[in-house]
Amino acid sequence: MYFSGKIEFGVINQSVSAFNHILGDFSLIVYQFQALSAFSAVIDRLGEFDDVLDSNSKKGDQDSKEKIQLNFCLISSSNGLHSNGSMPLSKRVKLLHVEHLTVQTPSEATLIKDLSFEIFEKDHLLVTGPSGSGKTSLLRVIAGLWSFGNGAITVYVRPRGDLEMLHSPDVVSYQVTSTNETIGDSTGRRNFEGVIFLPQKPYMVLGTLRQQLLYPTWTEDSDNLSDDAKQSDSVPFLMRARDARCVNERSKKPTSEDLLQVLNDVSLGHLLSRFDGLDSTHEWSSVLSLGEQQRLAFGRLLLSKPTLALLDESTSALDEANEARLYQLIQAAGITYISIGHRRTLYKYHKKVLHVSTADSTSTQQNWSFKDVEEDPIYDFSKQ
Ligand SMILES: Nc1ncnc2c1ncn2[C@@H]1O[C@H](COP(=O)(O)OP(=O)(O)OP(=O)(O)O)[C@@H](O)[C@H]1O
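Parameters and conventions
Residues numbered from 1 in each chain as written. Predicted model: local features only at pLDDT ≥ 70, side-chain atom pairs only at ≥ 80, totals over all residues. Heavy atoms only, no water. Helix = DSSP H or I, 4+ residues; strand = E, 2+ residues; numbered from the N terminus. Buried < 20%, exposed > 50% of the residue type's maximum accessible area, 1.4 Å probe, protein only. Contact = heavy atoms within 4.5 Å. Areas by Shrake-Rupley, 256 points an atom, 1.4 Å probe, with all protein chains shown as cover. Near = heavy atom within 4 Å. Polar contact = N/O pair within 3.5 Å; in protein donor to acceptor, adjacent residues only side chain to side chain. Nonpolar A, V, L, I, M, F, W, Y, C, P; charged D, E, K, R; others polar. Axes fitted to C-alpha atoms, helices over the stretch in contact; angles between N-to-C directions. Parallel < 35°, antiparallel > 145°, perpendicular 65-115°, else oblique. Expected span 1.5 Å × (residues − 1). Pairing = 2+ DSSP bridges. Salt bridge = Lys/Arg side-chain N within 4 Å of Asp/Glu carboxyl O. Core = buried A, V, L, I, M, F, W, Y, C linked by side-chain atoms within 4.5 Å. Phe/Tyr/Trp six-rings, centres within 6.5 Å; stacked < 30°, edge-to-face > 60°. Patch = residues over 30% accessible without salt bridge, like charges linked within 9 Å, V, L, I, M, F, W, Y side chains within 5 Å.

Asks: Could you give an account of the overall build of the protein, naming the residues involved and the relevant values?
Replies: Along the protein, the regular secondary structure elements total 13 helices and 13 strands. Taking all 384 residues of the protein together, 43% fall into the buried category. For the protein, restricting intrachain contacts to residue pairs at least 6 apart in sequence, the fraction spanning at least 24 positions comes to 74%. Put simply, the protein shows about 20,800 Å² of open surface, and 53% of that area lies on carbon and sulfur atoms.

Okay, structure coming up:
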């Protein structure tokens, strides 16, 4: 066609280039077919996952009446002087109110029936009972990690700094007023300050010894979170982003001296020479024994000073001397705690005891008893 003059040379060039272009585009699909099909499978799975989340949240809304109501209240304080200037008798600060709580498993088997009790400051509570009776589930409910069942729980938290105030000799009383401000419910429960849950096997973060100690209160991730993220539910519970109404200022990050002091307090000073200071990185869950990990977790408690600590067999791997030392340390730090444990020696460090027995599915009777620790016959044995 070119020689007969029907077409110009430039047009032939353009046609070749256009053909190559189209061939290249189609070849991309052929060559990348495997990657594209894998990508499509991932998109399908994400789509299904999203559908399941949507249906669960809709179901959750429908079932909300059946779920455990968890509320957080901000404790308000006053110096409590009477109008005539006299000092009132110091009032006890309520930290936890459990009302008609029934705890169930996801398959609706009842673990604890119609439980009601109150915990005041320094009313350290020991939860005992046979294996499988629901002790851990109860702590998970209080921590907001479990909501199967019904009833209501109110957790009272105080603004950071008030713990120090309470123990200052200038403060003669600390009062819960009738105008406690509700700062969150079961949907917004992650945005508060004041409750820490310590499992039997503590979570060891990837990073340095310093980061281990600062977790979960001063994690780098939570430092880097945007304000929007800090206010959203997407922040993991243990990172505990702060609610502006709860703490006016971010609590002061402990210095290296504070961290060294806490390490010595929990008898882990030797880790510094063994692992070359605070800033070396190791796989901590492998290089530390369970007892050392549990002591490290108590170090975190001593730095964070929560209003309420939930200890789920948190000293199970420790000898009695170390266990005694840790309980004395958190008592001295003014932390009120609820512990689960099987050892008789634990009775000494608690004021109240909640005994849960295995629920009988054929009976509607309560399967728990709540009393002062002195009233429990085991208490006398524990002192020997
Ligand atoms: N995620 C779950 N799904 C279904 N059932 C569960 C779940 N977690 C716990 N359970 C069941 O709930 C019951 C209570 O468990 P829980 O861990 O609260 O008991 P526990 O009293 O703390 O036991 P232990 O003293 O052995 O730690 C057990 O029968 C357990 O199998």
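Asks: Can you tell me about the site of the ligand, naming the residues and giving the values?
Replies: Inspection of the region around the ligand gives 15 residues, with S131, G132, K135, T136 and S137 positioned closest. Contact distances for the ligand include 3.2 Å between an oxygen atom and a backbone N or O atom of S133. At 2.8 Å, a side-chain N or O of K135 approaches an oxygen atom of the ligand. With four residues, helix α3 (residues 135-143) is the single largest residue contributor to the shell around the ligand. Across the shell around the ligand, the residue classes tally to four nonpolar, eight polar and three charged.

Asks: Any chance you could break down unusual backbone geometry for me, citing the residues and the numbers?
Replies: A cis amide bond, omega 0°, links Y215 with the succeeding residue P216. The residue P216 is located in the loop between α5 (209-214) and α6 (220-224) in this model. With phi around 45°, D114 is a residue other than glycine that occupies positive phi space. In this fold, D114 is placed in strand β3 (residues 110-120). Unlike most non-glycine residues, E313 shows phi in positive territory, near 50°.

Asks: Describe the packing of helix α11 (residues 290-304) against helix α12 (residues 320-332), listing the residues and the values that go with them.
Replies: Relative to each other, α11 and α12 sit at 10°, their axes nearing to 10 Å. By the angle class used here, α11 and α12 are roughly parallel. Across the interface between the two elements, R295, F298, L301 and L302 from α11 touch N322, L326, L329 and I330 from α12.

Asks: Would you mind going over α11 in detail, with residue names and values included?
Replies: Between its first and last C-alpha, α11 extends 21 Å over 15 residues, near the 21 Å set by a 1.5 Å rise per residue. The buried fraction of α11 amounts to 14 of the 15 residues, a majority that puts the element mostly inside the structure. Two residues or fewer past α11, K305 is found with a positive phi of approximately 45°.

Asks: I'd like a description of the sheet that holds strand β13 (residues 368-372), backed by residues and values.
Replies: The six strands are arranged β7-β10-β11-β4-β12-β13 in an open sheet whose pairing can be described as mixed. The sheet is open, and its two borders are formed by β7 (195-198) and β13, each paired with just one other strand. Each strand of the sheet is rotated relative to its neighbour by a mean of 15°, with strand direction disregarded. Bridge analysis of strand β12 (residues 352-356) against β13 gives five bridges, and the strand direction is antiparallel. Within β13, the position partnered with H355 by the bridge is S369. Where α3 meets the sheet, its contacts fall on β4 (125-128), β7, β10 (308-312), β11 (336-340) and β12, and the angle it forms with β10 comes to roughly 155°. Helix-sheet contacts for α11 involve β7 and β10, and the interaxial angle to β7 is about 175°.

Asks: Just give me the short version of the pattern of salt bridges, but keep the residues and values in it.
Replies: Scanning the model with the defined rule gives five salt bridges in all. The partner of K94 in a salt bridge is E118, and the shortest N-O contact between them spans 3.1 Å. Residue K94 is located in strand β2 (residues 94-104), and its partner E118 is located in strand β3; the two are separated by 24 residues in the primary sequence. We classify K94 as buried; its relative accessible area is 19%. Taking relative accessible area as the criterion, E118 reaches 29% and is therefore assigned partly exposed.

Asks: How would you summarise the nonpolar core if you had to cite specific residues and measurements?
Replies: Of all hydrophobic cores here, the largest spans 41 residues; its most connected members are L213, L296, F298, L301, L311 and I330. For this core, the secondary structure elements donating two or more residues are β7, α5, α8 (256-265), α11, β10 and α12. Considering each element in turn, this core owes the most residues, six residues, to α11. Excluding anything up to four places from it in sequence, I330 contacts F298, L301, L302, L311, I335 and Y337. Of all hydrophobic cores here, the second largest spans 32 residues; its members include L101, L308, I340 and L354.

Asks: Could you give me a rundown of the side chain of T307, with the residues and numbers involved?
Replies: Note that T307 resides in the loop between α11 and β10. Sequence-distant contacts of T307, defined by excluding residues within four places in its chain, comprise L95, Y156, V157, R158, G194, I335 and T336.

Asks: Can you tell me about the packing of aromatic side chains, naming the residues and giving the values?
Replies: One pass over the structure, following the stated rule, counts nine aromatic pairs. Measuring from centroid to centroid gives 5.8 Å for Y2 and F9, while their planes differ by 65°, and the two rings are edge-to-face.

Asks: Break down the side chain of H97 for me, citing the residues and quoting the values.
Replies: By secondary structure assignment, the location of H97 is in strand β2. If we ignore the near neighbours within four places in the chain, the residues touching H97 are F117, E118, A152, I153, T154 and Y156.

Asks: Give a description of a nonpolar patch on the surface that names residues and reports values.
Replies: There is a patch of nonpolar side chains on the surface, built from I22, F26, I29, F33 and L36 and spanning about 540 Å² of accessible area. Broken down by secondary-structure element, the contributors of at least two residues to the nonpolar patch are α1 (9-31) and α2 (33-62). For the nonpolar patch, the element with the most residues is α1, which contributes three residues. Inspection of the secondary structure assignment puts F26 in helix α1. Residue classification places F26 among the exposed residues on the basis of a relative accessible area of 55%.

These figures capture arrangement, not role.
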